[in-house]
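# Working through the structure, step by step
In case you want the letters, here they are:
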Amino acid sequence: MFGAKPFKRKMILWPYLFLTPTVVSTILFVIYPFLANFFYSTVQWDGFGPKVFVGGGNFVALFRDERFWSALVTNFLYFIFVTALPLFFGLVVASVIARGRLAGTRFFQSAYFIPQVVAAIALGTIFRWIYAPLFGVLHQVFKIIGWEEMSRSWLGTPETATTAVGLIGTWAWLGFCIIIFVAGIQKVDQALYEAAILDGANSLAQFRYITLPDLRFEIAVVLVMTSVQCLGSFAFAIVSSTTAGAYGTRPVALYAYQLAFVEGKVGYASAVVVVLTILMFAIAAASLFLGERRAQE
Amino acid sequence: MKTKGIVLLARYVLVVGIALFVILPFVLMFMATFREHTDIIRRGPLALPRRFSLDNFRKVLFQHHFDRYYINSLLITIPVVGGSLVFALMSAFALSVVDFPLKRLFLLGVVSFGVMIAEVFIMIPLFQLMNSLGLVNNLLSVILSSLAMSACFSTLVIRSFFMGLPRELLDSAMVDGATFWQILWRIYTPLAIPAIVTSGALTAVWTWNTYITPLVLIHDPDKIPLPLGLALFQGQYVANVPLIMTGATLTALPPIAVYLLLQPRVVLGVTQGALK
């Protein structure tokens, strides 16, 4: 780092004053609720009456809760659609389009990012129509290509609902992954590729030995972003606006919300959130570890 | 030479094809706003609109309360963007130009930690807290919690910008007898416009799109912001595709406009944010 180097002075007060608005509001409205959630997870509470301390009781109950496990499995399936598929296709597409800049493609690539700036509720709303039986878009497409009997209520059938919801995530995150990976590949020294070509390496070998190791950091970023969204607010909003959690599409976050705000099991719901929190931090830590290693090599 | 041409063509087809794949749902949404439900049933969802009437927009805005939702979304987004930028400029300045005891604690333990905490983690205690403060069903509850989270994010973006400014800037201003308060607002802030635009645009887009926080804190249908209004609306009017798509368009259009206007900065900001 160059530029301003912090310097020492005797007992200064103003930095604390300047920090007060941000620090106080963050402690009050972000960090306190975050910590309180851990405390809530140890009590039995309907949100209004007295709290009864149950220790790890909520977690023991959680372990035997079928609805929790099914939500966890659903989240795992979303992980495939929201994280694994965009990551895989993003890498493949980016390595095809990023090498040797394609003139005039900037305009098209700017479209890739649009799902990122639109409310997930609106995305879910559009896809609810696309997947709708009778007057839905997919139904019409199937009709045109003559597979009408294959068409169904994609979101209203347990066999297809989770996949249909998950594919919305694949669609929404593919462009994001491509943009991050294209930026990453363009930073790679092009001479490496030229040397590899001289050595007779085919494109698969170039991908395996140059592109993939050099994109370790970008892959970590994509892993963190997509898995946080797949466990958190993206999946929550997409599911809320498409199936409302029916037909096995309910993720853990939505289950916690419904426990707390519909069923009035506040303590138990907080235990679900604790598991979610640990899961998310573990995934983030693992991904960052992966990305960090590259920086040290 | 010929195969090279084919490879190049294939790459162009891929780039354009994916762009179309990403945009198509939005095009369908937008086209549907000009049609009527009976027309969708009769001519199918893929047919082009026959005329361009803004009837559906008028209906959704004025008969289905989207005007109210718009106002609520603005009442939340404007103070959050403005407030968080002021907070962030102050804290970023303190965290970049001087050393003081507990600095690392504030930077890592509060600001960086605050950025990592997702809405889902805090939704239950946040409701309890706002309830005990009597702020449930008050837009202030959403504003306060969104403001805090955005201030942390913007602090990091603006701080990394401040760190890149030359030391002499601060020194010469201090020789001239300026106070830190004056140095921040008169010298550092005007220079930081690019970082302010990036973090402001992202804060605006994220706040506009937030769903969980207002879902938990606002139950009065007169006070809900757009995403909640859209969810409520589509639950009630499932059978009228054009009206629902008009609602979705109204929700989606302002952030898309911000994105297209400030595009490189927004992409950069998200990438930076992701890299943090």
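How each quantity is defined
- Residues numbered from 1 in each chain as written.
- Chains lettered and ligands numbered in written order.
- Predicted model: local features only at pLDDT ≥ 70, side-chain atom pairs only at ≥ 80, totals over all residues.
- Helix = DSSP H or I, 4+ residues; strand = E, 2+ residues; numbered from the N terminus.
- Buried ≥ 20, exposed ≤ 12 C-beta atoms within 10 Å, placed from the backbone.
- Contact = placed C-beta atoms within 7 Å.
- Nonpolar A, V, L, I, M, F, W, Y, C, P; charged D, E, K, R; others polar.
- Core = buried A, V, L, I, M, F, W, Y, C linked by C-beta atoms within 7 Å.
- Domains from an automatic or database assignment.
- Axes fitted to C-alpha atoms, helices over the stretch in contact; angles between N-to-C directions.
- Left-handed = near helix turned anticlockwise from the far one by under 90°.
- Expected span 1.5 Å × (residues − 1).

### So, the overall build of chain B
Scanning chain B from terminus to terminus reveals 14 helices and 0 strands. Counting from the amino terminus, chain B carries its helices and strands in the arrangement α-α-α-α-α-α-α-α-α-α-α-α-α-α. Taken along the three principal axes of its C-alpha coordinates, chain B extends 75 × 70 × 35 Å. Each of the 276 residues in chain B was classed as buried or not, and the buried ones make up 47%. In chain B, of all internal contacts separated by at least 6 residues, the share reaching a separation of at least 24 is 81%.

### Details of the overall build of chain A
Looking only at helices and strands, chain A has 14 helices and 2 strands in total. C-alpha atoms of chain A, sized along the principal axes, occupy 80 × 75 × 30 Å. Counting the 297 residues in chain A, one finds 46% classified as buried. Within chain A, contacts between residues separated by at least 24 positions form 72% of all contacts whose residues are at least 6 apart in sequence.

### Section: unusual backbone geometry
A positive phi angle is found at Tyr247 of chain A, which is not glycine, with a value near 60°. Counting through the fold element by element, Tyr247 of chain A comes out in the loop between helix H12 (233–242) and helix H13 (252–261). A positive phi angle is found at Asn137 of chain B, which is not glycine, with a value near 70°. Inspection of the secondary structure assignment puts Asn137 of chain B in the loop between helix H6 (119–132) and helix H7 (139–163). With 15 C-beta atoms counted inside 10 Å, the residue Asn137 of chain B sits in the partly exposed group.

### Observations concerning the interface of chain A and chain B
Between chain A and chain B, the contact holds 79 residues from the first and 84 residues from the second. Here the side of chain A that touches chain B takes 18 residues from helix H1 (residues 14–40) of chain A, the largest share from any one element. By residue class, the composition of the side of chain A that touches chain B is 57 nonpolar, 19 polar and 3 charged.

### Digging into the nonpolar core
Grouped together as the largest cluster of nonpolar side chains are 174 residues, with contacts concentrated most on Ala253, Ala256 and Val272 of chain A together with Phe93 of chain B. With 16 residues, helix H8 (residues 158–187) of chain A is the largest single contributor of residues to this core. When residues are assigned to domains, this core turns out to be shared by domain 1 (2–32) and domain 2 (60–275) of chain B, each giving three or more. In this structure, Phe93 of chain B is in contact with Phe18 of chain A together with Phe162, Leu184 and Tyr188 of chain B, ignoring residues within four places of it in sequence.

### Digging into the domain arrangement of chain B
On domain assignment, one finds that chain B holds domain 1 (2–32) and domain 2 (60–275). Here the C-alpha centre of domain 2 of chain B lies 33 Å away from the C-alpha centre of domain 1 of chain B.

### Quick look at the packing of helix H4 (residues 66–97) of chain B against helix H10 (residues 193–209) of chain B
Residue and element names in this part refer to chain B. For the pair H4 and H10, the least separation of the axes is 9 Å and the interaxial angle reads 145°. At the point where H4 passes H10, the crossing takes the right-handed sense. Residue-level contacts link Ser73, Ile76, Thr77, Val80, Val81, Ser84, Leu85 and Ala88 of H4 to Ile196, Ser199, Gly200, Thr203, Ala204, Thr207 and Trp208 of H10.

### Concerning the environment of Met123 of chain B
Note on placement: Met123 of chain B falls in helix H6. When the 27 C-beta atoms within 10 Å are taken as the criterion, Met123 of chain B is described as buried. Between the alpha carbons of Met123 of chain B and Pro214 of chain B there is a distance of 9.8 Å; along the sequence they are 91 residues apart. The residues contacting Met123 of chain B, other than those within four sequence positions of it, are Tyr257 of chain A together with Ile212 and Val216 of chain B.

### Quick look at H10 of chain B
Taking 1.5 Å per residue, 17 residues should reach 24 Å; H10 of chain B reaches 24 Å between its end C-alpha atoms and fits that length. Here H10 of chain B lies mainly inside the structure; 13 of its 17 residues are buried.

### Considerations on the packing of H4 of chain B against H7 of chain B
Relative to each other, H4 of chain B and H7 of chain B sit at 40°, their axes nearing to 6 Å. Considering how the two elements wind past one another, H4 of chain B and H7 of chain B form a crossing that is right-handed.

### Quick look at the environment of Leu191 of chain B
All names here are of chain B. Among the secondary structure elements, Leu191 is positioned in helix H9 (residues 180–191). Overall, the presence of 14 C-beta atoms within 10 Å leaves Leu191 in the partly exposed class. Spatially, the C-alpha atom of Leu191 lies 44 Å from that of Leu9, the residues being 182 residues apart in sequence.

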